[in-house]
Amino acid sequence: MTASSPSTLDLMDQWQPPPKRRGPRGCVMLALLVVGALVAGAVWVVVSLNDREPVPVKPEFVVPALKPAPRSAIPGDAGPLPAEPAKGAWIAKVSENTDIPLRPLRAYVNAAEKAPARCGITWATIAGIGRTESQHARHDGSRAGEDGVVTPPIIGIPLDGSPGVLAVVDTDKGALDGDAKWDRAVGPMQFLPATWKRYGVRASGDGAAPDPQNIDDAAMTTARYLCARGGDLGKPAGWWAAVLTYNNSAAYGQEVFSNADAYGKAALKP
């Protein structure tokens, strides 16, 4: 609708005499009233805020940097896993005591439980790998959903032989990493496509292909890979052989060791 122009009579009906101008004293009084109202409001806000109980801030989970010599020790024991139905409450407690989100932690625990007993792998070691590789599927804003799928997908840099980077020519025609020229590590546990093809496991057993972007599949594949490479991870030689196969660097092994040790200690807290 287009508004019509007001008539002269309409304008006259709307006319009001201009307000009287305040003198200097009136302006001062008005200013004092305004200032008083602002001060009173500020005091009320301060008192109101002081009356509130402080919101507790969860302390940051700290991982002490341990420097054991390779093959000299294994991370501290995290203790036995509780049986159902206490397991759910235990996982919630451990998640609260650490920086591990519930969904990845459940995947780590499940992978350790289903690993061969002779392997001796613990959920804390799998979690130690997960923290180093992707901060438990949280790299660059990613998250593991309740269905286990990590979004956005986590894909590493091209292994193109640039300074400090291995050269790994494409092995899967870009099927997993989207790169048909160079391979890239994929998923929250950062597997190369060729390694995934050999060791990948479908955790749900639903018949679908293993998905490196699924935290359950990735955690179980990590357990399978470490057990195959290390043998008995309950012994220093086996633990270090497994972890150094994941990444042949003493500093890397020490970082995973530190992570796993800190998680084990946190799990033992009441």
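Quick notes on the rules
- Residues numbered from 1 in each chain as written.
- Predicted model: local features only at pLDDT ≥ 70, side-chain atom pairs only at ≥ 80, totals over all residues.
- Heavy atoms only, no water.
- pLDDT = per-residue confidence, 0-100.
- Contact = heavy atoms within 4.5 Å.
- Core = buried A, V, L, I, M, F, W, Y, C linked by side-chain atoms within 4.5 Å.
- Buried < 20%, exposed > 50% of the residue type's maximum accessible area, 1.4 Å probe, protein only.
- Helix = DSSP H or I, 4+ residues; strand = E, 2+ residues; numbered from the N terminus.
- Axes fitted to C-alpha atoms, helices over the stretch in contact; angles between N-to-C directions.
- Parallel < 35°, antiparallel > 145°, perpendicular 65-115°, else oblique.
- Left-handed = near helix turned anticlockwise from the far one by under 90°.
- Nonpolar A, V, L, I, M, F, W, Y, C, P; charged D, E, K, R; others polar.
- Disulfide = S-S within 2.5 Å.

### Observations regarding the confidence of the model for the chain
Link 1 in the chain: On average, residues of the chain carry a pLDDT of 85, and 79% of them reach 70 or more.
Link 2 in the chain: Within the model, the stretch residues 1-22 combines pLDDT values under 50 with three contacts to residues more than four positions away or in other chains.
Link 3 in the chain: Counting contacts from residues 42-49, a segment whose pLDDT is below 50, to residues more than four positions away or on other chains yields zero contacts.

### Some points on the nonpolar core
Link 1 in the chain: Within the largest apolar cluster, 54 residues are counted, with the highest numbers of intra-cluster contacts made by Tyr108, Ile121, Trp123, Ile126, Met189, Leu226 and Tyr246.
Link 2 in the chain: Looking at this core, the elements with two or more residues in it are α3 (86-97), α4 (102-114), α5 (123-134), α6 (193-199), α7 (215-230), α8 (236-246) and α9 (250-267).
Link 3 in the chain: Not counting chain neighbours up to four residues away, the residues in contact with tyrosine 108 comprise Ile100, Trp123, Ile126, Ala127, Gly130, His136, Met189, Ile215 and Ala219.

### Some words on the packing of α5 against α9
Link 1 in the chain: As a packed pair, α5 and α9 sit with axes 8 Å apart at the nearest point and diverge in direction by 125°. Between α5 and α9, the angle is such that the two are oblique. Crossing of α5 over α9 shows right-handed handedness. Contact residues: Trp123, Ala124, Thr125, Ala127, Gly128, Ile129, Arg131, Thr132 and Glu133 in α5; Tyr252, Glu255, Val256, Asn259, Ala260, Tyr263, Gly264 and Ala267 in α9.
Link 2 in the chain: Its residues assigned to classes, the contact of α5 with α9 shows nine nonpolar, five polar and three charged.

### Observations concerning the state of the cysteines
Link 1 in the chain: Counting across every chain of the model gives one disulfide.
Link 2 in the chain: Across the disulfide from cysteine 119 sits cysteine 227; the S-S distance is 1.9 Å. Between cysteine 119 and cysteine 227 the sulfur-sulfur dihedral comes to about -85°; the bridge is accordingly left-handed. Placement of cysteine 119 in the loop between α4 and α5 and of cysteine 227 in helix α7 is noted, with a sequence separation of 108 residues between them.
Link 3 in the chain: A relative accessible area of 2% means that cysteine 119 is categorised as buried.
Link 4 in the chain: The class of cysteine 227 is buried, set by a relative accessible area of 13%.

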